[in-house]
Amino acid sequence: MQIKCEKIKYIYNAKDPNSYYALDDISFEIDKGDFVALVGKTGSGKSTLIQTFNALILPTEGYSQVEYFYVTSDKKLFKEKISKLPKEERNENKKQFLIRKKVGMVFQFPEYQLFAETVLKDVMFGPKNFKVPEDEAKELSIKALKDVGIPENYFERSPFELSGGEKRRVAIAGILASNPDILILDEPTAGLDPEGKKEIINLIKEIHSTGKTVILVTHDMDVVMECATKIVVLNDAKLVKICTPEELFNGNDIETYALEIPAFYKFKKLLIEKGYKKDISSINNFDELISVLGAQDE
Amino acid sequence: MNSVFGKLTPFNTIIHRLDPRVKIISLIALMVMCFLPYGNYANKFIILGGLFLIIIFIMILGKVSFWSFLKSLRHMWFMMIFLVIIFALIPQAGDVSEKHVMIAFENGYTIYWEGLLQTLHITFRLAMMLSLTLILTSTTSPMDLTYTFERFLTPLRLIKFPTQIISMTLSLALRFIPTLLGEAQKIMKAQRSRGVDYQRGFLNKKIKSITTLIVPLLVNCFSRSDELSLAMNARGYEPYEKRTNYNILIFGLKDVVAIFVVLLIVGGFSTLCYFSNNVEGFDDMINLIFGVPTF
């Protein structure tokens, strides 16, 4: 277990007539190396939940645990939890911003956080904040920029001169440069053209293949089907399902959560409805389906 | 928006239902009452205390959060300390023999109680102004405030003053305050994810931290205003055309009653002001009722 949520509740605008539960009794675990898709309709609490993973917000009740870091607003619970840890980890828990080095978070439209005069300086900003020496920070930043596919001749350009997709890749590099163990991305493909979207998805897959845990918040079920190993479904602030993509998309309840069925599963459903004779219910990707369809043609 | 520009609280109290013109006029009238000269310090604090009780009553009627008010006072500590230092260091005008000595130094320099009282007096009046502003912004929607300002500016049309453009600018500015604040919060969270600490650190570090917020916010703001102006043009907005209002403000019976109550308050406190400055024996009466000596 790398991340654990234990009975998390979060109330927005507490003590206000507009107060409401953004998270209500959420409990689940994520293992190291998982690719988790966090899905649900708008306002279901996805973005709020991921912010508890790097202490940007503290759960009103319950706690999030990321390795040995505990995130909660309940001081008594926090003390109780960290009291069992070795001294060094206990001290790190007291400086909660250190959790942000471990958990990198790419917000929706991350290009809006760019501010420095040059691309390289902007990417170096994160590692320098985490006290990485200048030379090492530069090295890490150059690597991160190369990893996200930014050419070297862009490094000294202003980030504001770049295209939307390039800005987003620079912003992602800004997080990767701190070398987090866990990467959380909040709708990273929102507002991108198909080419830009494909590039970002491939990039995320590459990052995951290096062994990092990835948590992806998205409405795009095709991406979920392509990348995720585990799906967490939220609905009206509650956790309603934890399953594999196959379980969710082959099930009958996907539309009750206001989620779109991926193109593959729509096609498969259509084939079955039209009376396709072979058993294709256990097939979960286009390659296998094409081979079955091809076999029939022969 | 947990400041004096507190967001509208969605209640339906009598204060919420009042015509915004009445609320603004009442706010100005009560603010003027805070600044009338009520004689000596004993009179000032007792009379202003009475006025403050009325303001608290209005806050209760309008279900205005007292907690928001207390939070807005947090920022006044620095000013209070600054004022105490100023009043302690600057020699007091007037006859020194009349002043009440607090500390007399050996070198002849003296600090008087008047300095402390003056600071408290100014702070108290500012706190009352803050509470009145909070009542207005918590019970009146920004759009209603804009319509009211537009109405108040109407006479300026006679001298070809572009009141509608000013009003539109004001309403857009008010409309986008929550949006920009929301955006600022998002940027701050994104930068905090990259290790920025907006709360701790020395001045140079804080300035650098603020840059990480201001630059993206300004870039977004300019791009948003560009998009907005294009969208307005696309929907046929012509700034110099004559415009009608969708929301018509109606002056009702409750507004008449409110104006009457405010007039009573203004009359009462103006009379107290007159008595405390011109009527002999008023100080003694205050002393007799409240047991506070003249100071």
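Structure's up top.
This is a predicted model, so every value here is computed, not measured. (Residues numbered from 1 in each chain as written. Chains lettered and ligands numbered in written order. Predicted model: local features only at pLDDT ≥ 70, side-chain atom pairs only at ≥ 80, totals over all residues. Heavy atoms only, no water.)

Draft legend 1. Representation of the overall build of chain B within the structure. The secondary structure content of chain B amounts to eleven helices and two strands. From first element to last, N terminus to C terminus, chain B shows the α and β order α-α-α-α-α-β-β-α-α-α-α-α-α. Rg of the C-alpha trace for chain B: 24 Å, well past the compact-globule value of 19 Å for 295 residues, more than 25% over. Considering only C-alpha atoms, chain B reaches an extent of 70 × 55 × 40 Å along its principal axes. Scored against the burial criterion, the 295 residues of chain B give a buried share of 37%. Partitioning the intrachain contacts of chain B with sequence separation of at least 6 by distance along the chain shows that 74% fall at a separation of at least 24. As displayed, chain B offers around 17,800 Å² of accessible surface, 70% of which is attributable to carbon and sulfur atoms. Of note, chain B has its 27 positive side-chain charges centred 14 Å away from the centre of its 17 negative side-chain charges. (Helix = DSSP H or I, 4+ residues; strand = E, 2+ residues; numbered from the N terminus. Rg over C-alpha atoms; globule rule 2.2 N^0.38 Å. Buried < 20%, exposed > 50% of the residue type's maximum accessible area, 1.4 Å probe, protein only. Contact = heavy atoms within 4.5 Å. Areas by Shrake-Rupley, 256 points an atom, 1.4 Å probe, with all protein chains shown as cover. Lys, Arg positive; Asp, Glu negative; His and termini not counted. Charge placed at Lys NZ, Arg CZ, Asp CG, Glu CD.)

Draft legend 2. How the structure looks around the sheet that holds strand β4 (residues 61-66) of chain A. Residue and element names in this part refer to chain A. The sheet built from four strands is open, its strands ordered β2-β1-β4-β5 with antiparallel pairing. In this open sheet, the two strands that pair with only one neighbour each are β2 (20-30) and β5 (69-71). Going across the sheet, the axis of each strand differs from the next one's by a mean of 25 degrees, ignoring polarity. Two strands pair when backbone bridges link them, and strand β1 (residues 3-12) and β4 are joined in this way by five bridges, in the antiparallel orientation. The partner of K4 across the bridge, within β4, is Q65. (Pairing = 2+ DSSP bridges. Axes fitted to C-alpha atoms, helices over the stretch in contact; angles between N-to-C directions.)

Draft legend 3. Focus on helix α8 (residues 194-209) of chain A. Residues and elements named next belong to chain A. With 16 residues, α8 should reach 22 Å at 1.5 Å per residue; the first-to-last C-alpha distance of 22 Å fits that figure. Listed as buried for α8 are G196, I200, I201, L203, I204, I207 and H208. Taken around the axis of α8, the buried residues stretch over an arc of 160 degrees, which confines them to a single face. Looking at α8, the residues exposed on the side facing more than 90 degrees away from the buried face are P194, E195, K198 and S209. Against the buried residues of α8 lie β3 (35-39), α6 (134-147), α7 (164-176), β7 (182-186), β8 (213-217) and α9 (221-227). Trailing α8 by a residue or two, G211 shows a phi angle of about 105 degrees, which is positive. (Expected span 1.5 Å × (residues − 1). Arc of directions from axis to C-beta.)

Draft legend 4. Representation of α6 of chain A within the structure. All names here are of chain A. End to end, α6 covers 20 Å across 14 residues, agreeing with the expected 20 Å (1.5 Å per residue, within 8%). Of all the residues in α6, the buried ones are A137, S141, A144 and L145. Take α6 and look down its axis: the buried residues cluster within an arc of 95 degrees, on one side only. Every exposed residue of α6 that faces more than 90 degrees away from the buried side is listed here: D135, E139 and K143. Elements in contact with the buried residues of α6: α5 (119-129) and α7.

Draft legend 5. Representation of the environment of L181 of chain B in the model. Residue and element names in this part refer to chain B. Take L181: it is sitting in helix α8 (residues 163-193). Among the residues examined, L181 registers a relative accessible area of 37% and is labelled partly exposed. Spatially, the C-alpha atom of L181 lies 9.5 Å from that of L217, the residues being 36 residues apart in sequence.

Draft legend 6. Geometry of the pattern of salt bridges. Residue and element names in this part refer to chain A. Counted according to the given criterion, the structure contains 22 salt bridges over all chains. As a salt-bridge pair, K266 and E260 come within 3.3 Å of each other at their nearest N and O atoms. For K266, a relative accessible area of 42% corresponds to the partly exposed category. (Salt bridge = Lys/Arg side-chain N within 4 Å of Asp/Glu carboxyl O.)

Draft legend 7. Geometry of the sheet that holds β7 of chain A. Residue and element names in this part refer to chain A. Taking strand neighbours across the sheet as the criterion, the six strands line up as β6-β7-β8-β3-β9-β10 in an open arrangement whose pairing is mixed. The two strands at the open ends of the sheet, each matched to only one other strand, are β6 (103-106) and β10 (238-243). Between one strand and the next, the sheet's axes are offset by a mean angle of 15 degrees, whatever the strand orientation. On top of the sheet, α7 reaches β6 and β7; it is set at about 165 degrees to β6, its chief contact.

Draft legend 8. The interface of chain A and chain B, seen in detail. On the side of chain B, 18 residues touch chain A, which itself brings 24 residues to the contact. When residues of chain A are sorted by the area they lose upon contact with chain B, Y112, Q113 and F115 of chain A head the list and together hold 25% of the total. Viewed at the interface, chain B and chain A are joined by one salt bridge. One salt bridge connects R194 of chain B with D122 of chain A, and the closest N-O pair in it is separated by 3.0 Å. Connecting chain A to chain B are seven residue pairs in polar contact (both at pLDDT 80 or more). Going through the elements one at a time, α5 and α7 of chain A are the ones with two or more residues in the side of chain A that touches chain B. At four residues, α5 of chain A tops the list of elements feeding residues into the side of chain A that touches chain B. For the side of chain A that touches chain B, the residue count by class is 13 nonpolar, eight polar and three charged. (Buried area = accessible area lost by both parts, 1.4 Å probe. Polar contact = N/O pair within 3.5 Å; in protein donor to acceptor, adjacent residues only side chain to side chain. Nonpolar A, V, L, I, M, F, W, Y, C, P; charged D, E, K, R; others polar.)

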